[in-house]
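# Residue-level structural notes
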Amino acid sequence: YQKNKYIPNKFINFSNSEDAKSLAYFHFFKPIIGLVSKNIEIDEGHYGIDIVAEKNAGVKSTLSGKVIFSEWTVETGYVIAIQHKNDLISIYKHNSVLLKKEGSIVKAGEIIAIVGNSGEFTNGPHLHFEIWFKGSPLNPNKVINFK
């Protein structure tokens, strides 16, 4: 793995430098190509970033792992969540279609959903993308270069 230059993260209080080191060796894939329209805002309950993308674009798993949630929710539409190594979870919201079911094993960069505009908490086609590390939100901009 290539060392990741985007660690550490200001939203996680690393109990020790081992946490930061353990994340530095992951290569996080971009879940989708697009423009970040809203950044993480923990105080407002916005635990990820919003990425505007082309209609019907494929949403990719940021890391290899196991699908632990793949369902419809009223607020955030079609949602898929993936458990990865090292106490990492990635979450992908507002999809139009989910391509993987709970229990599926996915590879990093594999298409898992189609970008959409589903759920009550959306105002146009986009992907809401979250990464959680040991139960705390991790700013995706700190581990993935979206520019």
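Here, the structure is the one placed above.
First, a word on scope: everything that follows refers to the structure included in this document. Remember, it's a predicted structure, so these values are computed and weren't measured experimentally.

### Considerations on the packing of aromatic side chains
What the rule picks out here adds up to four aromatic pairs. Relative to Tyr 78, the ring of Trp 72 lies with its centre 5.0 Å away and its plane at 65°, an arrangement referred to as edge-to-face. On the basis of relative accessibility, which here comes to 33%, the residue Tyr 78 falls in the partly exposed class.

### Some points on the side chain of His 46
Among the structural elements, His 46 can be located in the loop between strand S1 (35-38) and strand S2 (49-52). Under the relative-accessibility criterion, His 46 is labelled buried at 10%. Those residues in contact with His 46 that lie beyond four places of it in its chain are Lys 38, Asn 39, Ile 40, Glu 41 and His 128.

### Observations regarding the environment of Gly 77
Along the chain, the position of Gly 77 falls in strand S5 (residues 77-84). Sequence-wise, Gly 77 and Asn 95 are 18 residues apart; in three dimensions their C-alpha atoms are separated by 6.7 Å. With residues up to four places along the chain from it excluded, the contact list for Gly 77 reads Glu 71, Trp 72, Ser 118 and Gly 119.

### What to know about the sheet that holds strand S9 (residues 111-114)
With antiparallel pairing, the three strands of this open sheet are ordered in space as S3-S9-S7. A single partner strand is all that each edge strand has here, and the edge strands are strand S3 (58-60) and strand S7 (97-98). Taken together, the three bridges between S3 and S9 define a ladder with antiparallel strand orientation. Pairing of Lys 60 across the sheet is with Ile 111, part of S9.

What counts, and where the lines are drawn
- Residues numbered from 1 in each chain as written.
- Predicted model: local features only at pLDDT ≥ 70, side-chain atom pairs only at ≥ 80, totals over all residues.
- Heavy atoms only, no water.
- Phe/Tyr/Trp six-rings, centres within 6.5 Å; stacked < 30°, edge-to-face > 60°.
- Buried < 20%, exposed > 50% of the residue type's maximum accessible area, 1.4 Å probe, protein only.
- Helix = DSSP H or I, 4+ residues; strand = E, 2+ residues; numbered from the N terminus.
- Contact = heavy atoms within 4.5 Å.
- Pairing = 2+ DSSP bridges.

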